[in-house]
Amino acid sequence: MVEIRGGTAEGFEPVRAAFAGGFREHGELGAAFALYVRGRKVVDLWGGDARPEVGGRPAPAVPWTAGTAQVLRSVTKGLTATTALLLAQRGQLDLDAPVAEYWPEFKAAGKERVPVRWLLSHQAGVPALDVPLGLADVLGWEQAAAAVAAQAPAWEPGTAHGYHPYTFGWLVGEVVRRASGRTVGRYFAEEIARPLGLDLWIGLPADAAHRVGRLVDLPAPQAARTGPSGLRLRPKQAVRDAYRDPASLTARAFASVRPEVDLNDPVVQAAEIPGAGGIGTARSLARFYAALIGVADRQGGGTAPPPLLGPELLARAAGPAVSGPDRVLIVNSAFGLGFFRHGPTSPMASPASFGHPGRGGSLGFADPDLGIGFGYVTNGMQPGVTGDIRSRGLIRAVRACLDGGAADHLR
């Protein structure tokens with residue numbers, strides 16, 4: 001039995017049971033979960049092994065602690081998107097202006113009219129690269145940005161959408177750099193994480209390296225029993241075929257970096273990889289999303305922070321920008337500006353929910369109707385891209401608690 005540490009507010013005890021169920025029933029190795037409701041942190045739980053060894057020589061467990069941080073994979077995209085949105089709110093970035101106004105090199109190959117907002121909504125048409133990036137390109141930034149700027153689109157921009165697994169980070173990150181004069185990781189640290197007191201990073205500082213857990217693939221028998229963490233246990237044949245065919249846009253998009261970088265490598269963790277390399281704690285991820293909608297708590301006896309985004313921009317970011325067939329995921333998907341919206345592909349708490357999953361299982365989102373910020377991080381990687389069976393169990397438990405009146409006293 002894995003010891004679950006941390007606590008829950010009165011009425012949210014079923015969430016602790018759901019979190020423990022991830023270890024008992026779904027092969028969880030190490031994880032943490034936090035939940036904010038209406039300005040109060042009501043769940044803060046962690047447990048398991050922060051640095052598990054799967055295969056090879058057994059090693060002593062390294063207990064997950066209150067301060068353990070974890071690589072977030074594509075959960076990072078929500079952080080990256082918010083940097084661009086904050087610049088827009090401050091009048092430094094026009095979401096409707098052509099990308100080329102900020103980044104002239106991007107106009108190559110017929111992309112001169114692509115507006116900034118299409119980068120955020122996965123409509124730009126450059127989810128894959130003709131020549132995949134190598135490790136040196138990823139670590140160097142300029143090479144990666146130049147590659148996505150030069151890439152010809154896979155479809156006429158604006159006529160369709162398709163998830164950009166890796167290129168999203170450099171597309172949005174380079175616009176942030178051009179508009180602000182700061183890298184996306186530095187801008188996030190200085191304008192979002194530091195003011196809110198968040199242990200969230202796009203580019204890990206050296207003094208936090210010792211806190212990071214190790215990502216591992218779940219053992220094959222467990223992953224097979226649990227099933228892929230996407231839409232269903234048996235995905236459609238078209239989905240399976242797309243991932244298996246190396247010439248498909250799906251496979252090429254997920255192979256935009258080859259060989260795949262090792263996200264456990266300290267050198268990689270220190271780099272700014274804004275599509276997949278963010279690192280943080282569940283507690284800070286939940287507080288980040290709570291801050292987006294103005295329900296983060298007071299810390300240090302001060303006043304509660306204002307919403308990161310004003311109501312009009314928040315509604316635009318969280319609302320429907322595109323929905324329907326996804327050219328890369330080969331299922332229906334729905335995006336706002338930088339965020340997945342609640343739906344079968346990315347189940348969250350209600351139709352008002354918006355956020356971002358991470359490949360393998362982690363998830364962060366906000367729900368302005370329910371007044372919640374949700375943060376779940378795990379080091380046990382399931383073979384899927386979107387909604388995970390472990391986070392779905394937590395969501396069901398949270399909804400049951402809220403529907404049962406657990407938060408009534410927080411009004």
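Residues numbered from 1 in each chain as written. Predicted model: local features only at pLDDT ≥ 70, side-chain atom pairs only at ≥ 80, totals over all residues. Heavy atoms only, no water.

**Q** What should I look at first to understand the pairing of strand 8 (residues 322-325) in this one?
**A** In summary, the side chains of a regular strand alternate between the two faces of the sheet. Note that strand 8 and strand 9 (residues 332-335) share four bridges and pair antiparallel. Residue pairing in the sheet places Ser-323 in a bridge with Ala-334 of strand 9. The loop that links strand 8 with its antiparallel partner strand 9 comprises six residues; one of these, Ile-330, has a positive phi angle of about 60 degrees. (Pairing = 2+ DSSP bridges. Helix = DSSP H or I, 4+ residues; strand = E, 2+ residues; numbered from the N terminus.)

**Q** Where do I start with the layout of surface pockets in this structure?
**A** Gaps left between atoms are located by rolling a probe of water-molecule size over the structure's atoms. Taken as a whole, the second largest pocket encloses approximately 180 Å³ of empty space. Top element by residues in the lining of the second largest pocket is helix 7 (residues 184-196). It accounts for four residues. Among the residues making up the lining of the second largest pocket, the classes are represented as eight nonpolar, two polar and four charged. (1 Å grid on protein atoms, 1.4 Å probe; cavity = no way out; pocket = protein on both sides within 12 Å on 5 of 7 lines; lining within 4 Å. Points joined across faces, edges and corners; volume = space filled by probe spheres on them. Nonpolar A, V, L, I, M, F, W, Y, C, P; charged D, E, K, R; others polar.)

**Q** Just checking my understanding: could you explain the packing of aromatic side chains for this structure?
**A** The geometry of an aromatic ring pair is captured by the separation of the ring centres together with the interplanar angle, meaning the angle of the planes. A full pass over the atoms with the stated rule returns 14 aromatic pairs. Taking 6.1 Å as the distance between ring centres and 55 degrees as the angle between the ring planes, the aromatic pair formed by Phe-188 and Phe-288 counts as tilted. Here the residue Phe-188 occupies a position in helix 7, and Phe-288 occupies one in helix 12 (residues 282-292), the gap between them amounting to 100 residues. We note that Phe-188, like Phe-288, is buried. An aromatic cluster is built from Tyr-163, Tyr-243, Phe-254, Phe-335 and Phe-340, whose rings are joined through pairwise contacts. One residue, Lys-111, lies across the ring of Phe-106, its end atom 4.8 Å from the ring centre. (Phe/Tyr/Trp six-rings, centres within 6.5 Å; stacked < 30°, edge-to-face > 60°. Buried < 20%, exposed > 50% of the residue type's maximum accessible area, 1.4 Å probe, protein only. Lys NZ or Arg CZ within 6 Å of the ring centre and 35° of its normal.)

**Q** Is there a simple way to explain the pattern of salt bridges in this structure?
**A** Charged atoms that come close allow side chains of opposite charge to pair. Inspection of the entire model under this criterion finds 22 salt bridges. The partner of Arg-178 in a salt bridge is Glu-105, and the shortest N-O contact between them spans 3.2 Å. Separated by 73 residues along the polypeptide, Arg-178 in helix 6 (residues 167-180) and Glu-105 in the loop between helix 2 (76-89) and helix 3 (116-120) bring together distant segments of the chain. With a relative accessible area of 44%, Glu-105 lands in the partly exposed category. Among the ionic pairs, Glu-174 bridges to Arg-178, the shortest N-O distance being 2.7 Å. A residue pair is termed a helical-turn pair when its members lie 3 or 4 positions apart in one helix, as Glu-174 and Arg-178 do in helix 6 at four residues. Its relative accessible area of 31% is what places Arg-178 among the partly exposed residues. (Salt bridge = Lys/Arg side-chain N within 4 Å of Asp/Glu carboxyl O.)

**Q** Explanation requested: the packing of helix 1 (residues 13-26) against helix 14 (residues 389-403) in the structure shown.
**A** Two quantities define a packed helix pair, namely the angle between the helix axes and the distance between the axes. The geometry of helix 1 relative to helix 14 is characterised by a closest axis approach of 8 Å and an angle of 160 degrees between their N-to-C directions. Taken as axis vectors, helix 1 and helix 14 run roughly antiparallel relative to one another. For the element pair helix 1 and helix 14, the recorded crossing hand is right-handed. Here Pro-14, Val-15, Ala-18, Phe-19, Gly-22 and His-26 of helix 1 come into contact with helix 14, specifically with Ile-389, Arg-390, Gly-393, Leu-394, Ala-397, Val-398 and Cys-401. Grouping the constituent residues of the contact of helix 1 with helix 14 by class yields nine nonpolar, three polar and one charged. (Axes fitted to C-alpha atoms, helices over the stretch in contact; angles between N-to-C directions. Parallel < 35°, antiparallel > 145°, perpendicular 65-115°, else oblique. Left-handed = near helix turned anticlockwise from the far one by under 90°. Contact = heavy atoms within 4.5 Å.)

That's the geometry; what it means functionally is another story.
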